[in-house]
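# A look at the structure
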Amino acid sequence: MQLGLTVYFVGDMTTPIIGKNDLTILVSNTGRTVSVVQTAEIARRIGSHVVSLTSSASSKLAQASDTAIVLNIEKNKTDSELAPLGTIFEDSVLFFFDCLVPHLMKKLNVSEEDMRKRHAIWV
């Protein structure tokens, strides 16, 4: 949103229906979350371009997406002890999106000052 893009969250009561010119981004570690897979299938049927982030290239979500970005996160015993329930995947997704921001800023010709003006609390 701070980049000047129109952003909605599926499921929010103010979100309009997904359209054929929309980009739908979905995230699921396993790629098996039923509601996420169903959203991908519906969005593609409508004509939206579906991009998914998952840790499984062979998952239902990856198969239901136009573009699947697979975060190949090797799991080990320590992950479960120090970062349970997919925390490493979630942190990796956050880092992935944060790394996209400077590239989008350049592509959209948006400065940090432009983004600051769109920030919810005007920092």
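Data block above holds the structure.
Fair warning: this is a prediction, and the values are worked out from it, not measured in the lab. (Residues numbered from 1 in each chain as written. Predicted model: local features only at pLDDT ≥ 70, side-chain atom pairs only at ≥ 80, totals over all residues. Heavy atoms only, no water.)

## Some remarks on the environment of G31
Residue position: G31 is located in the loop between β1 (23–27) and α1 (34–46). On the basis of relative accessibility, which here comes to 0%, the residue G31 falls in the buried class. Sequence-distant contacts of G31, that is, excluding residues within four places in its chain, are made with V37, T54, S59, K60 and L61. (Helix = DSSP H or I, 4+ residues; strand = E, 2+ residues; numbered from the N terminus. Buried < 20%, exposed > 50% of the residue type's maximum accessible area, 1.4 Å probe, protein only. Contact = heavy atoms within 4.5 Å.)

## Looking at the nonpolar core
Counting nine residues, the largest nonpolar core is built from I18, L26, V36, V37, A40, A43, V50, L61 and A64. Secondary structure elements with two or more residues in this core: α1 and α2 (60–64). Not counting residues within four places of it along the chain, the set of residues in contact with A43 comprises I18, T24, S48 and V50. In this structure, L53, L71, I73 and F89 belong to the second largest nonpolar core, which totals five residues. (Core = buried A, V, L, I, M, F, W, Y, C linked by side-chain atoms within 4.5 Å.)

## Considering the pattern of salt bridges
It is possible for side chains bearing opposite charge to pair when their charged atoms get close. Enumeration according to the criterion identifies three salt bridges in this entry. For D66, the salt bridge identified is with R44, shortest N-O distance 3.1 Å. Taken as a pair, D66 in the loop between α2 and β3 (67–70) and R44 in helix α1 lie far apart in primary sequence, 22 residues in all. Here D66 falls in the partly exposed class, since its relative accessible area comes to 36%. A residue is classified by how much of its surface remains accessible, and R44, at 37% relative accessible area, is partly exposed. (Salt bridge = Lys/Arg side-chain N within 4 Å of Asp/Glu carboxyl O.)

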